[in-house]
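# A closer look at the structure
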Amino acid sequence: MTTATDATIQRGGEWLLQSAEAASVFTPEQLTEEHRLIARTAEEFITNEVLPVLDTLEQKDWGLARRLVQKAATLGLLGVDVPETYGGLGLDKVTSLIVSDRMSRSASFGATFGAQANLVIIPIALFGTEAQKEKYLPQLLTGELIGAYGLSETGSGSDALGARTRATRQADGSFVLNGEKMWITNGGFADLFVVFAKVDPSTLREPQGRPEPGRGATSSGQADGFTAFLVERGWGVKSGKEEHKMGLHGSSTTALIFQDVKVPAENVLGEVGKGHKVAFNVLNFARFKLGAMCAGGAANVIGESAKYAATRRQFNQPIGNFGAIKHKIGEMVVKSYAIESAIYRTAGLVDARIAATPHPSTGSGQANDGSAAAAAFEEYAVEASIAKVAGSETLNFVLDENIQIHGGNGYVKDYPAERHFRDARVNRIFEGTNEINRLLIPGMLVRRALKGDLGIIPAAKALQDELLGPPSMPSMDDSPLAEEARAITAFKKTALMVLGLAMQTFGQKLTDEQEVLMHIADILMDVFCAESALLRAQAAAARRDGKAELHAAAARVFVNDAAMRIDASARQALAATVDGDTLRTMLSALRRLIKVTPINTVKLRRELADAAIARGGYVFA
Ligand SMILES: Cc1cc2nc3c(=O)[nH]c(=O)nc-3n(C[C@H](O)[C@H](O)[C@H](O)COP(=O)(O)OP(=O)(O)OC[C@H]3O[C@@H](n4cnc5c(N)ncnc54)[C@H](O)[C@@H]3O)c2cc1C
């Protein structure tokens with residue numbers, strides 16, 4: 001991947017318009033020895049240090065949480081995204097993905113760790129001044145300082161920019177913060193907070209003669225005054241009581257109260273009035289990493305199901321002999337395989353783009369200030385939202401089936417199944433709810449199309465001509481997985497047809513048609529995941545991998561079922577977009593496009609389930 005040039009790397013969303021070569025896509029099978037080493041380190045840390053003390057952590061022993069963060073730091077797990085100059089390891093995003101993936105083995109500690117690594121260290125690395133980085137990063141990277149991220153408020157969760165916390169600029173250039181933040185991870189014991197507040201309009205202009213804190217001058221966006229600050233607890237930040245949550249009992253979640261908290265001018269993070277830039281960049285990273293955590297959690301739990309199915313006996317045989325159980329385990333594997341493929345593919349794209357970004361001083365390579373990484377994550381923001389939504393929903397599916405496979409034992413605390421289930425539910429709520437992310441997936445593509453950055457409009461027009469013309473001869477390629485490759489071409493055309501028609505019909509008002517956008521998001525997620533799974537299976541076949549047939553089985557089942565889901569979503573979206581003859585024409589075009597012959601998914605799921613049960617775990621790990 002590192003040899004790719006800028007022009008050869010697929011841009012964000014381009015997978016909808018182009019096909020990709022299996023050889024160009026990063027897959028988990030390409031992990032290096034260094035990647036595997038860090039995976040083992042993270043896994044052993046969770047297994048040996050965190051899981052044995054989980055009950056104590058759930059009793060809210062935040063001293064223990066702090067010590068565990070420090071231990072993770074000594075193993076280098078906190079600093080993978082931070083350049084070496086600031087005490088980090090400056091490793092690639094695949095490494096960062098692996099750490100998130102392995103942290104999923106304890107969701108509670110994963111939340112504590114994630115808030116520190118992703119929501120505090122990353123924004124400082126990306127937007128901090130040299131002085132801020134020097135002051136805070138070393139201590140955050142050793143866990144000496146614990147961080148928390150205060151964006152949400154009682155009245156503004158999804159509508160985060162509607163925050164009511166106020167910052168009033170003083171004559172000496174400092175700010176006084178007043179307001180309250182809600183549901184803040186690490187809120188009970190953090191020392192340093194990234195806090196978002198609106199600078200009081202009457203004090204937006206800086207006092208005469210003082211340099212503007214942060215980088216550069218303030219300009220557009222300043223009117224709203226939405227600004228990020230670095231606030232130390234010692235300046236007067238108070239924590240509310242611990243929330244009584246459904247899950248994540250071993251992670252602190254509290255309100256934060258700011259009553260006349262004085263923040264020096266040099267603690268503005270980024271620019272006054274540009275807090276949204278900090279917040280959105282953090283979200284691009286965090287969504288991708290949350291997706292990775294979810295994929296890791298799903299793969300891990302397949303092991304619990306597989307082992308239980310092998311040992312639990314009913315009717316004088318292991319329950320894993322029953323087709324109903326094999327179906328569940330097989331489907332857990334199929335869904336996990338697809339989302340994992342999509343996430344590793346995205347990490348590969350992000351790394352390739354960072355590597356191809358010219359660095360101001362060296363002419364190539366990674367920019368030390370993190371700007372290349374921020375730009376790359378912005379480029380793949382659609383894919384990050386897909387990782388978040390499809391990852392969290394796959395995990396919910398897997399954890400629900402894990403309980404079902406455990407029967408009564410799944411419902412009681414003696415087994416971890418019920419804890420996993422409770423812990424995971426929040427993944428669909430934070431880092432932007434799945435509804436918000438679903439709206440963003442087509443929303444960002446449409447924005448890029450209208451700006452001319454992504455050729456969706458010409459492609460949709462060309463497709464319209466193709467669909468109205470005489471039917472083209474299907475390709476005669478009958479190589480393994482050729483049928484699935486044809487199906488994916490059809491999926492992409494379906495997505496383009498529905499999205500293009502919605503843009504044409506609703507124009508500017510498309511944002512009001514949320515149900516249509518949700519259907520389109522579902523189609524797009526299936527397209528990206530199905531293609532990623534197929535490319536991974538093709539790569540396995542090309543290198544004659546010993547598990548190539550299992551790869552093919554997982555990809556084929558996913559593509560087969562995606563065809564039915566895409567067909568159903570497309571029908572509903574089309575019927576909500578047009579009617580009469582136009583609808584009839586579109587539905588007939590859809591029938592021509594999605595002509596996927598059903599395969600024997602029962603047999604393939606059984607093969608996948610048998611492999612998982614025989615191994616006692618996820619077969620592609
Ligand atoms: C355990 C936990 C830890 C958290 N940690 C942090 C943290 O560290 N820092 C932080 O800042 N926040 C944190 N949060 C807050 C979290 O980010 C918010 O809960 C989340 O963004 C949703 O906001 P809300 O709860 O206000 O829901 P709302 O925004 O009120 O949403 C309610 C429902 O309405 C839907 N909805 C809202 N707006 C729209 C729209 N425009 N179109 C369609 N549907 C819409 C949502 O999808 C959802 O289904 C945490 C929350 C929890 C539960």
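Heads up: these notes are all about the structure in this document. (Residues numbered from 1 in each chain as written. Predicted model: local features only at pLDDT ≥ 70, side-chain atom pairs only at ≥ 80, totals over all residues. Heavy atoms only, no water.)

## What to know about the overall build of the chain
Condition: Each helix is a run of DSSP H or I of at least 4 residues and each strand a run of E of at least 2, with the numbering of both proceeding from the N terminus. As defined in this context, the radius of gyration uses C-alpha atoms, and a globule is described by 2.2 Å times the residue total to the power 0.38. For each residue, the accessible area found with a 1.4 Å probe, counting protein chains only, is set against the maximum for its type, and the residue is called buried under 20%, exposed over 50%, and partly exposed in between. Contacts are assigned to residue pairs with any non-hydrogen atoms lying within 4.5 Å of each other. For accessible areas, the Shrake-Rupley method is used with a probe of radius 1.4 Å. Any residue's cover is judged against the shown protein chains and nothing else. Charge assignment: positive for Lys and Arg, negative for Asp and Glu; neither His nor the chain ends contribute. By convention, the point assigned to a charge is CZ for Arg, NZ for Lys, CD for Glu and CG for Asp.
Along the backbone of the chain there are 18 helices and 10 strands. In terms of C-alpha radius of gyration, the chain reaches 25 Å, essentially the compact-globule figure of 25 Å for 621 residues. Along the first, second and third principal axes, the C-alpha set of the chain runs to 75 × 60 × 45 Å. Burial statistics for the chain: of 621 residues in total, 58% are counted as buried. Expressed as a percentage of contacts within the chain between residues at least 6 apart in sequence, the contacts between residues at least 24 apart total 80%. Roughly 25500 Å² of accessible area belongs to the chain as shown, and the carbon and sulfur atoms make up 53% of that amount. Between the centroid of the 67 positive side chains of the chain and the centroid of its 71 negative side chains there is a distance of 2 Å.

## Here we look at the site of the ligand
Put simply, the rule reads: Nearness of a residue to a molecule or strand requires only that one of the residue's heavy atoms be within 4 Å of it. Whenever a nitrogen or oxygen atom comes within 3.5 Å of another N or O atom, the pair is scored as a polar contact, on the condition that within protein one atom can donate a hydrogen and the other can accept it, and that pairs from neighbouring residues in sequence are kept only if both atoms are in side chains. Any residue that is not Ala, Val, Leu, Ile, Met, Phe, Trp, Tyr, Cys, Pro, Asp, Glu, Lys or Arg is counted as polar, Gly included; the first ten are nonpolar and the last four charged.
Taken together, 17 residues lie near the ligand, and Tyr149, Ser152, Ser158, Thr433 and Glu435 sit nearest. Side-chain polar atom of Glu435 to an oxygen atom of the ligand: 2.6 Å apart, as the coordinates give it. Expressed as a share of its isolated accessible area of 970 Å², the protein-covered part of the ligand is 68%. Of all elements in the fold, only strand E3 (175–185) and helix H12 (434–451) reach the threshold of two or more residues within the shell around the ligand. For the shell around the ligand, the class distribution of residues is nine nonpolar, six polar and two charged.

## Details of helix H11 (residues 417–424)
Because an α-helix completes one turn every 3.6 residues, residues spaced three or four positions apart along the sequence face the same direction. For H11, the buried fraction is high: seven of the eight residues fall into the buried class. Residues of H11 that are buried include every one of Ala417, Glu418, Arg419, His420, Arg422, Asp423 and Ala424, and no others. Buried positions along H11 lie against helix H2 (54–58), helix H5 (107–127), helix H7 (275–311) and helix H10 (381–406).

## Regarding the nonpolar core
Nonpolar side chains tend toward joint burial in soluble globular proteins. The condition is simple: The definition of a nonpolar core used throughout is a set of buried Ala, Val, Leu, Ile, Met, Phe, Trp, Tyr and Cys residues joined through side-chain atoms within 4.5 Å.
Grouped together as the largest cluster of nonpolar side chains are 205 residues, with contacts concentrated most on Phe109, Leu177, Phe229 and Phe491. If one sorts the elements of this core by residue count, H7 sits on top with 18 residues. Beyond its immediate chain neighbours, meaning those up to four positions away, Phe229 contacts Ala167, Phe175, Leu177, Phe193, Val194, Val195, Ala197, Val199, Val263, Asn267, Val268 and Leu269. Counting residues in each nonpolar core, the second largest holds five residues, with Ala22, Val25, Leu535 and Ala539 among its members.

## Regarding the packing of helix H8 (residues 323–356) against helix H15 (residues 514–542)
Going by this rule: Each axis is a line fitted through C-alpha atoms, and for a helix only the stretch in contact is used; angles between axes span 0 to 180 degrees, taken between their N-to-C directions. Every angle not falling under 35 degrees, over 145, or within 65 to 115 is termed oblique; those three ranges are roughly parallel, roughly antiparallel and roughly perpendicular.
Running from N to C, H8 and H15 point in directions that differ by 85°, and their axes come no closer than 8 Å. Judged by the angle between their axes, H8 and H15 are roughly perpendicular. Each of Tyr337, Ala338, Ile339, Glu340, Ser341, Ala342, Arg345 and Thr346 in H8 lies in contact with H15, whose residues at this interface are Phe528, Cys529, Glu531, Ser532, Ala533, Leu535, Arg536 and Ala537. Residues belonging to the contact of H8 with H15 are distributed by class as follows: nine nonpolar, three polar and four charged.

## With respect to the environment of Glu144
Turning to its location among the elements, Glu144 is positioned in the loop between helix H6 (130–142) and strand E1 (147–150). Through-space distance from the C-alpha of Glu144 to that of Arg615 is 41 Å; in sequence the pair is 471 residues apart. Once residues lying within four places of it in the same chain are set aside, the contact partners of Glu144 are Arg66, Gln70, Gln139 and Asp191.

## Here we look at the packing of aromatic side chains
Quick reminder of the rule: Here a pair means two rings of Phe, Tyr or Trp (six-membered ring of Trp) with centres within 6.5 Å. Their orientation is stacked below 30 degrees between planes, edge-to-face above 60, and tilted elsewhere. Whether a charge sits over a ring comes down to the Lys NZ or Arg CZ being within 6 Å of the ring centre and within 35 degrees of the ring normal.
As enumerated under the stated definition, the model contains 14 aromatic pairs in all. An angle of 40° between the planes, with centres 6.2 Å apart, marks the rings of Phe109 and Phe113 as tilted. Separated by four residues within a single helix, Phe109 and Phe113 lie in helix H5, roughly one turn from each other. Here Phe109 and Phe113 have matching classes, each one buried. Ring centres 4.7 Å apart and planes at 50° place the aromatic pair Tyr337 and Phe620 in the tilted group. Taken together, the residues Tyr337 in helix H8 and Phe620 in the segment after helix H18 (601–615) connect sequence positions 283 residues apart. Under the relative-accessibility criterion, Tyr337 is labelled buried at 0%. Joined through ring pairs, the aromatic side chains of Phe45, Phe109 and Phe113 make up one cluster. The side chain of Lys335 reaches across the aromatic face of Phe397, ending 4.5 Å from its centre.

## Digging into unusual backbone geometry
Here the phi dihedral of Lys60 falls at roughly 70°; this positive angle occurs in a residue that is not glycine. Within the secondary structure, Lys60 sits in the loop between H2 and helix H3 (62–74). Of note in the backbone geometry, Glu431 takes a positive phi value of approximately 60° without being a glycine. Note that Glu431 resides in the loop between H11 and H12.

## Here we look at the side chain of Asp101
Along the polypeptide, Asp101 turns up in helix H4 (residues 93–103). Judged by its relative accessible area of 6%, Asp101 falls in the buried class. When neighbours within four sequence positions are excluded, Asp101 is seen to be in contact with Ala292, Met293, Gly296 and Tyr344.

## Digging into the pattern of salt bridges
The condition that has to hold: Each salt bridge in this description consists of a side-chain nitrogen of Lys or Arg and a carboxyl oxygen of Asp or Glu lying within 4 Å of one another.
Under the criterion given, the structure shown has 38 salt bridges. Lys181 is paired through a salt bridge with Glu153; the nearest N and O atoms lie 2.8 Å apart. Here Lys181, found in strand E3, pairs with Glu153, found in the loop between E1 and strand E2 (166–169); they are 28 residues apart in sequence, far enough to count as distant. The same class applies to Lys181 as to Glu153, namely buried. Shared partners join several salt bridges into a network, and the residues in it are Glu43, Asp101, Arg102 and Arg105.

## Focus on the side chain of Arg419
Structurally, the position occupied by Arg419 is in helix H11. The exposure class of Arg419 is buried, given its relative accessible area of 18%. Within the local environment of Arg419, its side chain forms a polar contact with the side chain of Asp55, the two groups lying 3.0 Å apart. In this structure the side chain of Arg419 is engaged in a polar contact, spanning 3.1 Å, whose partner is the side chain of Glu58. Once residues within four sequence positions are removed from consideration, Arg419 is found in contact with Leu54, Asp55 and Glu58.

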